[in-house]
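Structural overview
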Amino acid sequence: MSEHAEQFIAHLQALKERDRGALAALRHSLAFEPGCYPKAFPYVERFAGAAVHERDARRLALYAVAGLFARHPQQSAQSFATALGELMARRQSQSIEGRFIALLGADAENIVDYLRQAISLLAADAIGCDYARLLDDLSRWLNPAADPSLLRQRWARDFYRAAQASHEFTDAE
């Protein structure tokens, strides 16, 4: 993970501790395209950088992750895909796998919608994820010059390993 991503998540965690209004604004920003909700600007824009274009992938990822974090501010060391795999194993639900596969097929225009739905599922079971890593990953996914296929493959490995590990643990009991 990048140091910039770590600093941004530390900033969001500080907002969680001291400014519920900021988290409400960031949550509400998910109803808009990333970077298009003015009330979120004070909390995110300082991390975007002065020379960054408004449609820059990193800037869009900052806004998206800020909203996702505000929706479910539970940070953990496991990747987003690992957390979702754990959820699938915990619930024994094939619908979560279907949602994950649909998420893997998402493009830059709708990935944030799929992530918002998945974060809501994680929140329902109080499963956290590593938002700094999600920020770095989403920056790649949203970059039109990058090919997200390797990222999709890593997410698939993380998801299925977590789902299988949890399933094997359950079988051994």
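Residues numbered from 1 in each chain as written. Predicted model: local features only at pLDDT ≥ 70, side-chain atom pairs only at ≥ 80, totals over all residues. Heavy atoms only, no water.

A few words now on the side chain of serine 29. Take serine 29: it is sitting in helix H2 (residues 20–29). The contact partners of serine 29, leaving out residues within four places of it in the chain, are Tyr37, Ala40, Tyr63 and Gly67. (Helix = DSSP H or I, 4+ residues; strand = E, 2+ residues; numbered from the N terminus. Contact = heavy atoms within 4.5 Å.)

Further remarks concern the confidence of the model for the protein. Confidence in the prediction of the protein, expressed as mean pLDDT, is 92, and 94% of residues score 70 or more. Counting interchain partners and residues more than four positions distant, the pLDDT-below-50 stretch residues 169–173 has zero contacts. (pLDDT = per-residue confidence, 0-100.)

Time to look at the nonpolar core. Leu26, Phe80 and Trp155 are the most contacted members of the largest nonpolar core, which totals 59 residues. The leading source of residues in this core is helix H4 (residues 57–71), at 11 residues. The contacts of tryptophan 155, once residues within four sequence positions are left out, are Phe80, Ala81, Phe100, Leu103, Leu104, Leu115, Leu134, Asp137 and Trp141. (Core = buried A, V, L, I, M, F, W, Y, C linked by side-chain atoms within 4.5 Å. Buried < 20%, exposed > 50% of the residue type's maximum accessible area, 1.4 Å probe, protein only.)

Moving on, we come to helix H3 (residues 41–48). All of the buried residues in H3 are Tyr43, Val44, Phe47 and Ala48. Around the axis of H3, the buried residues are gathered within 120° of arc, so they sit on the same side. Buried residues in H3 make contact with helix H1 (3–18), H2 and H4. Just beyond H3, the residue with positive phi is glycine 49, at close to 95°. (Arc of directions from axis to C-beta.)

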